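Okay, here's what each chain looks like letter by letter:
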Amino acid sequence: MDENRDETTTSGVDWDAEAAGFDDEPDHGLRDPDVRRAWAARLASWLPARPGDLLDLGCGTGSLPLLAAEQGHRVTGVDRSPAMVKLARTKLAGRDAVFLEGDAAAPPVGEQRFDAVLVRHVLWTLPDPGRALGRWRHLLRPGGRLVLVEGVWGAVTPVGIPADRLIALLTPLAGRVRVERLSDDPALWGREVTDERYAVVALPEL
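Bear in mind that the values here come from a model prediction, so they are computed numbers and not experimental data.

What follows covers the pattern of salt bridges. Taken as a whole and assessed by the stated rule, the structure comprises 15 salt bridges. One salt bridge in this structure joins Glu180 and Arg42, with 2.4 Å as the shortest N-O distance. Separated by 138 residues along the polypeptide, Glu180 in strand 7 (residues 174-181) and Arg42 in helix 3 (residues 33-46) bring together distant segments of the chain. Looking at Arg42, the relative accessible area reads 16%, which means it is buried. Between Arg80 and Asp103 there is a salt bridge, with the nearest N and O atoms lying 3.3 Å from each other. Here Asp103 lies in the loop between strand 3 (97-101) and strand 4 (114-120) and Arg80 lies in the loop between strand 2 (74-79) and helix 5 (82-91), a separation of 23 residues in the sequence. Residue classification places Arg80 among the partly exposed positions, given a relative accessible area of 35%. A relative accessible area of 25% means that Asp103 is categorised as partly exposed.

And the structure:
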């Protein structure tokens, strides 16, 4: 869920060590009521209107899964970090939610299928994002959707995935693609931002 997060550990960040302070960022912990409301509204517009099964890959401490659960969805979260998974389980205790340790690029969900797959700030870190998208597409039920929150960060040495590249990767997979710019909404981040941040909602033709 973090713009510097690397599910393949190529960044060298110890996410187990970072887990305790992860929610201190406004858009991670969603502790500020305005930030929380902003993400809840966006999530409601991206996810299916009816409660369904949601897979959150790179779920971190479970802040977005909690919003989804509050909106009635049944949540499965996957994260490589055991510490993140532990915090997510605590955050959603008593909810209809399951959290698993595993790789976002190859989620350990077996034959289970979902109404939506949500991935925030993870795709750009993967060595083969096109292949990951193909796997995620096959985890969807008919009529399901991919919800991808990504961006490009840093002025000197930018990292991330531009929206046009992500759309190109989705072209062979998705029948309908909607792009939503997020940079212009400071409520989502708890501050003004100037870099590229966006969401893509893709409805593959299964």
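Once that is clear, we can look at the packing of aromatic side chains. How two aromatic rings sit relative to each other is given by the distance of their centres and the angle of their planes. What the rule picks out here adds up to three aromatic pairs. With centroids separated by 5.9 Å and ring planes inclined at 50 degrees, the aromatic side chains of Trp124 and Trp153 adopt a geometry described as tilted. Separated by 29 residues along the polypeptide, Trp124 in the loop between strand 4 and helix 6 (129-137) and Trp153 in strand 5 (residues 140-153) bring together distant segments of the chain. A connected cluster of aromatic rings, assembled from ring pairs, spans Trp39, Trp46 and Trp189. If you follow Arg197 out to its NZ or CZ, it ends over the ring of Trp189, 4.5 Å from the centre.

Counted residue by residue, strand 5 has 11 buried out of 14 residues, so it is predominantly covered. Sheet topology places strand 4 next to strand 5; six bridges connect them, and they run parallel. For Val117, the partnering residue across the bridge sits in strand 5 and is Leu146. Once you follow strand 4 into helix 6 and on to strand 5, the crossover reads as right-handed.

What counts as what
Residues numbered from 1 in each chain as written. Predicted model: local features only at pLDDT ≥ 70, side-chain atom pairs only at ≥ 80, totals over all residues. Heavy atoms only, no water. Salt bridge = Lys/Arg side-chain N within 4 Å of Asp/Glu carboxyl O. Helix = DSSP H or I, 4+ residues; strand = E, 2+ residues; numbered from the N terminus. Buried < 20%, exposed > 50% of the residue type's maximum accessible area, 1.4 Å probe, protein only. Phe/Tyr/Trp six-rings, centres within 6.5 Å; stacked < 30°, edge-to-face > 60°. Lys NZ or Arg CZ within 6 Å of the ring centre and 35° of its normal. Pairing = 2+ DSSP bridges. Right-handed = clockwise from strand over helix to strand, strands pointing away.

Nothing here speaks to function; it is geometry throughout.
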